[in-house]
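Coordinate inspection notes
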Amino acid sequence: MGKLILIATAAAGAAAFAEMPVLDFAKTVPLRPALHGSGLGGCLIGAGAKRIDELKPLNFHGTRTHDWALNNPGQRLLDTHFIFPLLHLDAKDERNYFFGPTDEILDQTVNRLGLQVMYRLGTSIESVNSRRDWKDESAPKPGYYNCVEPADWEKYATVLEHIIAHYVEGWNRGYRWQDKIRYWELWNEPNDRPGGSWLNADGDFDHDRNLARFVRFYAYTLKRLKTRFPHLKFGGPAACGWKRMQFLKDLLAECKAVGYTPDFISWHMYTPSPHFMLNAPEQFKRLCEESGFGEMELVINEWHYLPYDGVWGDFGRGPEAYARTINPVDGLGSIEDAIYTLQVEEGVQHTILDQSHWYGCNPAYGAIWGIRKSDGSLNKPYYAQLYMGTIVGDCDRCAARAKGLSFESPWQAYGYVSKDGRRKYVSVSRFKGLSSFALEIKGLDGLRCTSIRMLDRDRDFVEVVDQQRLASGRAEESLTPFSPAVSAPVFRRKGDVFTFERFETGSVAWLFTFE
C-alpha cells in the first residue's frame, strides 16, 4: 500500500480541516538530537541520587546545569560563588577553589549518563522577587546575596577562567572534557526584575540601570573568556520575558562595540500552548540578523508548560492558588503538561533552533518541574520524554512537516525513519481542542503496523492493541484498559483507513510503528 489514512473521532461532527493534512515519507530531513535536551543530569542528594539511571531511556542529548545547586540542598556545587566563595582571595591559587561535589555530579552526567553539558556560569536563581512585596514601596526589601554584581570584574573573570580550565584543561587535578562541556553560558535571566538574577553592586533597583550595567559586564566577560578559550563556545544570557527584546538588542550592540560575537543566544519561555514556543525562534533570528550576528546559534534552554497565564503569581498566594497550578487534570505534571511537552519536542525538529532544553530539572519526589510524583512514581511528563526518547534512540530522519498542519493546530502528526531504514514511525497527538482529525500518510509501501503505543490520562506510553490482531492486519480493539471504569479506545481498520473511537476528550498521543 502506498498510503494510509488515519482518522480520529470523539464525536460526530464536521471535519476539523478544510483539506486533509498529508504526511509524506518521500521527503525527509535529519533528526537533530541536540533539540532533545533537558535540565536533568547527575544528582547527589535524596532518592533521585539512587535513580539516576531512569534518565537513560529518555535518550537526552544534553543538559544545562542551571539550578542544580538548589536541587541538591546542602551541597556547594556548580554556582561560581560555591566553587570560589571569597572573591578577595587569590584567584590563581588552587587552594581557594572547592570542586569536589561539582566534579562528582558532572562525572555522573558526562560519563554515567553520556550527556553533553551546557555549564551555566554565575548563580542559580535567587528568587528574591518572591520575598518582596512589589506593591508596597515602603515594605522592607529582602537581602540580595548571590545575584549581586561581582565587585571586581577582572578577578571574577579570572575565577571563571580557572573553573573552565579545571574542566577542559585538567587544571587543579581536573578533567579534559573539552568535547563534553563545550558550551558555557554567562549568567541566567539577568533581565528579570531587579534582584531576580542580577542586582547592581550599588543596590540600585532601577531596572533600566541594572540592565545597562549587566550589558557591559556581559560584554567584558565574553571578551575575556573567548580570548582565553577560542575553541569553546560562550553565549547567553538566558533571557526571560521581562523587557526581553530591547535588552537583547542592547546586549548585542555592546558585544559588537567590544568586537566579540557570542557563539549563541539563549532565552527561556513558559507558555500555556505549544505554538508560542515553536514560532518564537524566527523572532530571535530576526533580532540577531538585525544586530549583525546572523550566524549565532539559537538556544532555548528553559521551556515548560504553564497551565494558565497567571501561574507565576499564584505560586505565592497560598494553598488554594498553588493547588490550581498542580491539579491532576490540567496542571503541572498532568497529561496536558505531557502532551504539550511532546508537541514541543517534536515541533522543534522543524524549527531553526540549534539547541533545546526542557526545564525538567528537579529529580526530587513531588518537584513541580520534575519527573516524579510525591510518592516517587514517574509522572506524565516523564512518559512524554520517554516517548520522544524512543524516537531519538532509534531514528535519524524526520519526515517533512505534515502539509496542512500549523503549529497552532491542537492536532499534530510527525513521521520518523529508523537509523537502519527498516522502521517508520508515525506520531499523532492532540493537545486539548478539536475532537476530530484525519491524516493521509504517504510512503509506507510494504510496511505493516507492528506496534501502537498510547499516552493519555490512563496510559503511560503502553501498547494498546493486541499483537495477534496487529499480526493479522486487524487492529480492531484495545485489550489493555488500565481500569474497568475507563473506556478503552477502539481501533478499527478497513483497507487504508484507521479509525479511533470512544476516547474521551483531552490530550492524547499515539506512536505507530511500521516495519
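Scroll up to find the structure this text is about.
The text that follows walks through the structure, step by step, so that each part is easy to find.

**Structural notes on a negative patch on the surface**
- Residues Glu282, Glu289, Glu290 and Glu295 make up a contiguous surface patch of negative charge.
- Looking at the element boundaries, Glu289 is found in helix 7 (residues 274-290).
- Accessibility expressed as a relative area gives 46% for Glu289, which makes it partly exposed.

**Some thoughts on the nonpolar core**
- Counting residues in hydrophobic clusters, the biggest one holds 110 residues, and the most contacted among them are Leu106, Tyr119, Ile164, Tyr167, Trp184 and Tyr416.
- Looking at which element gives the most residues to this core, the answer is helix 4 (residues 153-168), with 9 residues.
- Among the nonpolar cores identified, the runner-up in size contains 23 residues, and Leu23, Leu405, Trp411 and Val465 belong to it.

**Observations concerning the packing of aromatic side chains**
- Using the criterion set out here, one finds 36 aromatic pairs in the structure.
- Taken together, the ring pairs connect Phe84, Tyr97, Phe99, Tyr119, Tyr167, Trp171, Tyr175, Trp177 and Trp184 into an aromatic cluster.
- Sitting above the plane of the Phe293 ring, Lys256 keeps its charged end 5.7 Å from the centroid.
- Over the face of the ring belonging to Tyr308 we find Arg324, whose NZ or CZ atom lies 3.6 Å from the ring centre.

**Side note on the sheet that holds strand 7 (residues 183-186)**
- Strand order in the closed barrel formed by 8 strands is 4-5-6-7-8-9-10-11, and the pairing between neighbours is parallel.
- Summarising the sheet, strand 4 (residues 37-38) and strand 11 (residues 355-358) pair through 2 bridges and their orientation is parallel. Note on strand 11: the bridge partner recorded for Ser38 is Trp358.
- Together, strand 6 (116-121), strand 7 and strand 8 (233-239) form the strand contacts of helix 5 (residues 207-228), whose direction differs from that of strand 8 by roughly 160°.

**Details of the pattern of salt bridges**
- The full count for this structure, using the stated rule, is 23 salt bridges.
- For Arg64, the salt bridge is made with Glu185, and the minimal N-O distance between the two is 2.6 Å. Placement of the pair is Arg64 in strand 5 (residues 62-64) and Glu185 in strand 7, with a sequence separation of 121 residues. By the burial criterion, Arg64 is buried, and Glu185 matches it.
- Linking Lys233 and Glu297 is a salt bridge whose minimum nitrogen-to-oxygen distance equals 2.5 Å. Taken together, the residues Lys233 in strand 8 and Glu297 in strand 10 (residues 297-305) connect sequence positions 64 residues apart.
- In this structure, a network of salt bridges that share partners links the residues Arg51, Glu54 and Arg372.

**Quick look at helix 3 (residues 100-112)**
- Compared with the 18 Å implied by 1.5 Å per residue over 13 residues, the 17 Å span of helix 3 between its first and last C-alpha is a close match.
- Regarding helix 3, the residues found buried are Pro101, Thr102, Asp103, Ile105, Leu106, Gln108, Thr109 and Val110.
- Packed against the buried residues of helix 3 are strand 5, helix 1 (68-71), helix 2 (80-83), strand 6 and helix 4.
- Positive phi shows up at Gly114, right after helix 3, with a value of about 70°.

**Some words on the packing of helix 7 against helix 10 (residues 335-347)**
- Between helix 7 and helix 10, whose axes approach to 9 Å, the crossing angle comes to 20°. What the angle tells us is that helix 7 and helix 10 run roughly parallel. Helix 10 is crossed by helix 7, and the crossing has right-handed handedness. Touching Pro274, Met277 and Leu278 of helix 7 are Tyr340, Gln343, Val344 and Gly347, all from helix 10.
- The residue inventory of the contact of helix 7 with helix 10, partitioned by class, reads 5 nonpolar, 2 polar and no charged.

Cut-offs used in this document
Here the residue numbers are simple positions, counted from 1 along each chain's written sequence. Reporting of local features is limited, given that this is a predicted model, to residues whose pLDDT is at least 70; pairs of side-chain atoms are given and counted only at 80 or more, and all residues count toward the totals for whole chains, interfaces and linings. Only hydrogens and water are removed before side-chain values are computed, so all heavy atoms of the structure are retained for them. Here, patches come from residues exposed beyond 30% relative accessible area and free of salt bridges, joined within 9 Å for like charges and within 5 Å for nonpolar side chains (Val, Leu, Ile, Met, Phe, Trp, Tyr). For accessible areas, the Shrake-Rupley method is used with a probe of radius 1.4 Å. Any residue's cover is judged against the shown protein chains and nothing else. In the sections that follow, a salt bridge refers to a side-chain nitrogen of Lys or Arg positioned within 4 Å of a carboxyl oxygen of Asp or Glu. In this tally Asp and Glu are treated as negative and Lys and Arg as positive; neither His nor the chain ends contributes. Here the site of a charge means atom NZ of a Lys, CZ of an Arg, CG of an Asp or CD of a Glu. Here a strand is any run of E in DSSP of at least two residues, a helix any run of H or I of at least four, and the numbering for each starts at the N terminus. Burial here depends on accessible area, computed with a 1.4 Å probe over protein chains only, as a share of the maximum for the residue type. Under 20% is buried, over 50% is exposed, and the range in between is partly exposed. What we call a nonpolar core is a set of buried Ala, Val, Leu, Ile, Met, Phe, Trp, Tyr and Cys residues that are connected through their side-chain atoms within 4.5 Å. The rule is short: rings of Phe, Tyr and Trp, with Trp giving its six-membered ring, pair when the centres are within 6.5 Å, and they are stacked under 30 degrees, edge-to-face over 60, tilted in between. Only when the NZ of Lys or the CZ of Arg is both within 6 Å of the ring centre and within 35 degrees of the ring normal is a charge said to sit over the ring. Pairing between two strands is assigned when DSSP locates at least 2 bridges connecting them. Residue contacts are counted whenever heavy atoms from the two residues lie within 4.5 Å of one another. An axis is simply a line fitted to the C-alpha atoms; with a helix, the fit covers only the stretch in contact. Between two such axes, the angle follows the N-to-C directions and lies from 0 to 180 degrees. One less than the residue count of a helix, multiplied by 1.5 Å, gives the span that helix is expected to have. The cut-offs work like this: below 35 degrees is roughly parallel, past 145 is roughly antiparallel, 65 to 115 is roughly perpendicular, and the gaps in between are oblique. What makes a crossing left-handed is the near helix being turned counterclockwise from the far one by less than a right angle; a clockwise turn instead makes it right-handed. Ten residues, namely Ala, Val, Leu, Ile, Met, Phe, Trp, Tyr, Cys and Pro, are considered nonpolar, four, namely Asp, Glu, Lys and Arg, are considered charged, and the remaining ones, Gly among them, are considered polar.

Distances and angles like these do not, on their own, reveal function.
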